[in-house]
Amino acid sequence: MAARRISSLLSRSLSLPSGSASLLLSLGRNSSLVRNTQRFSTAAVTEEPITPPVQINYTQLLINGQFVNSASGKTFPTLDPRTGEVIAHVAEGDAEDINRAVSAARKAFDEGPWPRMTAYERARILLRFADLVEKHSDELAALETWNNGKPYEQAAKSELPLLVRLFHYYAGWADKIHGLTVPADGPYHVQTLHEPIGVAGQIIPWNFPLIMFAWKVGPALACGNTIVLKTAEQTPLTALYVAKLFHEAGLPPGVLNVVSGYGPTAGAALASHMDVDKLAFTGSTDTGKIVLELAARSNLKPVTLELGGKSPFIVCEDADIDKAVELAHFALFFNQGQCCCAGSRTYVHERVYDEFLEKAKARALRRVVGDPFKKGVEQGPQIDSEQFEKVLRYIRSGIESDATLECGGGRLGSKGFYIEPTVFSNVQDDMLIAKDEIFGPVQSILKFKDLDEVIRRANTTPYGLAAGVFTSNIDTANTLSRALRAGTVWVNCFDVFDAAIPFGGYKMSGIGREKGIYSLHNYLQVKAVVTSLNNPAWL
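Residues numbered from 1 in each chain as written. Predicted model: local features only at pLDDT ≥ 70, side-chain atom pairs only at ≥ 80, totals over all residues. Heavy atoms only, no water.

1. Digging into the UniProt feature "domain: Aldehyde dehydrogenase" (unreviewed entry) in the protein chain
Okay, step 1: Feature annotation in UniProt assigns "domain: Aldehyde dehydrogenase" (unreviewed entry) to the following positions: residues 67–529.
Okay, step 2: In the segment residues 67–529, helix accounts for 41% and strand for 19%; the C-alpha atoms at its two ends are 41 Å apart. (UniProt positions renumbered as here; feature names shortened; annotations may be inferred. Helix = DSSP H or I, 4+ residues; strand = E, 2+ residues; numbered from the N terminus.)

2. Some details on the sheet that holds strand E12 (residues 312–315)
Okay, step 1: Spatially, E14-E15-E16-E13-E12-E17-E18 is the arrangement adopted by the 7 strands of the open sheet, whose pairing is mixed. At either end of the open sheet lies a strand with only one pairing partner, and these are strand E14 (404–407) and strand E18 (488–491). Adjacent strand axes in the sheet meet at a mean angle of 25 degrees, parallel and antiparallel pairs treated alike.
Okay, step 2: Looking at chain direction, strand E15 (residues 422–425) and strand E16 (residues 442–448) are connected through 3 bridges and run parallel. Looking across to E16, one finds that Phe 424 is bridged to Ser 444. (Pairing = 2+ DSSP bridges. Axes fitted to C-alpha atoms, helices over the stretch in contact; angles between N-to-C directions.)

3. Considerations on the sheet that holds strand E6 (residues 188–196)
Okay, step 1: With antiparallel pairing, the 3 strands of this open sheet are ordered in space as E5-E6-E20. Of all strands in the sheet, those bounded by a partner on one side alone are strand E5 (181–182) and strand E20 (524–532).
Okay, step 2: Sheet analysis places E6 next to E20, joined by 9 bridges and oriented antiparallel. Within E20, the residue paired with His 194 across the bridge is Val 526.

4. As for the packing of aromatic side chains
Okay, step 1: As enumerated under the stated definition, the model contains 19 aromatic pairs in all.
Okay, step 2: Pairing Phe 167 with Phe 246 gives two aromatic rings, centres 5.6 Å apart and planes at 75 degrees, and the pair type is edge-to-face. Residue Phe 167 is located in helix H7 (residues 152–174), and its partner Phe 246 is located in helix H9 (residues 237–248); the two are separated by 79 residues in the primary sequence.
Okay, step 3: You can call Phe 167 buried: its relative accessible area is 1%.
Okay, step 4: Plain terms: the ring middles of Phe 313 and Phe 494 are 5.8 Å apart, the flat faces sit at 55 degrees to each other, and that makes the pair tilted. Of this pair, Phe 313 sits in strand E12 while Phe 494 is found in the loop between E18 and strand E19 (510–511), placing the two residues 181 residues apart along the sequence.
Okay, step 5: When its relative accessible area of 0% is taken as the criterion, Phe 313 is described as buried.
Okay, step 6: Overall, Phe 494 belongs to the buried group, its relative accessible area being 3%.
Okay, step 7: Three or more aromatic residues joined by ring pairs form one cluster here, namely Trp 215, Phe 313, Trp 490, Phe 494, Phe 497 and Phe 503.
Okay, step 8: Geometry around Trp 114 places Arg 122 over its ring, the cationic atom sitting 6.0 Å from the centre.
Okay, step 9: A cation over an aromatic ring shows up here: Lys 278 above the ring of Tyr 523, its NZ or CZ 5.8 Å from the ring centre. (Phe/Tyr/Trp six-rings, centres within 6.5 Å; stacked < 30°, edge-to-face > 60°. Buried < 20%, exposed > 50% of the residue type's maximum accessible area, 1.4 Å probe, protein only. Lys NZ or Arg CZ within 6 Å of the ring centre and 35° of its normal.)

5. Re the UniProt feature "active site" (unreviewed entry) in the protein chain
Okay, step 1: The UniProt record annotates "active site" (unreviewed entry) at Glu 306.
Okay, step 2: Within the secondary structure, Glu 306 sits in strand E11 (residues 303–306).
Okay, step 3: Taking relative accessible area as the criterion, Glu 306 reaches 3% and is therefore assigned buried.
Okay, step 4: If sequence neighbours within four positions are ignored, Glu 306 has contacts with Met 212, Trp 215, Phe 281, Thr 282, Gly 283, Cys 340, Leu 465, Phe 503, Ser 509 and Glu 514. (Contact = heavy atoms within 4.5 Å.)

Here it is in structure tokens:
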């Protein structure tokens, strides 16, 4: 039953009018609500795809330190988003494979050396792993781009260095996790112990496979836990690669197990497993609800959730418009718009709205879309056909809701999952493009009059993951940063993901925090030890 429910959620499409991209263009560009007079060049996406400079060596499951086939022998294809063609066939894990992985993790925790090592020894393994990632960063960046579609320059220059930094950060925490001594009202010695929680089940998404690997695996290992990690079925390749590097760094067998597979089978089995002590999930809010229910219905395991968002980006009347346009563009279009905290509701003060809109449209039209391996490309393809079609349906919804399509709105090229950078103006709060998480390159620009209004409108959402504020007035910045109901508020910046900065959401954007010291709390149990004292010299 649970598997069918997850399958239904994962395959459910929007209840919007259907239509191909060509029909969208035919209807949309002839509408009075469409002001796009320029067409995007398709040259960058019609050239022959660049051959990725990396070999695929790991396509099996990693269980108990060994690469093995799935119990069923099944595999599934993983695709190149640039073409829709198969990159490789990867082992398809299911409930039996999750059982094998959990058994290995349980034995490694209960009987193995990992939680019994000194914290300093664990830290050294994390640091050796980080060194190996640096050594293999070119291959990892290429593999991430090939499997995900993100620009190679983004993967190589931003995400791989951050991956290394995150593991340096957690290695530094490993030998600084400790409890307290607590005074009591009586002759007692009281101490608290911070103990590893045990076997952690972790489910990561497809939009930032390596970074999400680090956010989950880093704190869990620093605290002395063992792990069963399920990759997203769209992007299994880099997690398998770095897991192999972890064992080269000296990680004992069974401590980190990686199972590739689908949500309704492997994911549901992990979430409901009775021998998993902790669950962490990043993904959609709808699926997060089911993961939470499965955890509760099994052994009531604690769950950390990092879920969806519809983040406001607020441009105040005193803003430097050129800088605000560039930052708002980055906040939305980064990673093809496939970012849970994307600034997808761009609120602009009415006094600067027209100027901002024209410059935002011009910036979107300059955005370079094409093969993500090509130097200078800013935007690659969407992850797969499902996400591609979903974004196009939302674009059509915006047109049919009487928002003005300023630019974009259709497919780029005839191969792969490329979408034109799209900008809508005259967007109202009740439109689907202003309410739902689109997860694509679609910027919705809304107008506001004053702070009280924009605070109310920005907070009128079931989400609360992040927000952006662009202003030169410190009082305005302070007012907004305290009033916005979001886990992160970026002021005159956006998408700053330092290893020490906690990240997580209010409301339906999740439970708990990742990164920073707060992430360690997810993987620790607190035990109070009370010992009677006989005639103590002091209390």
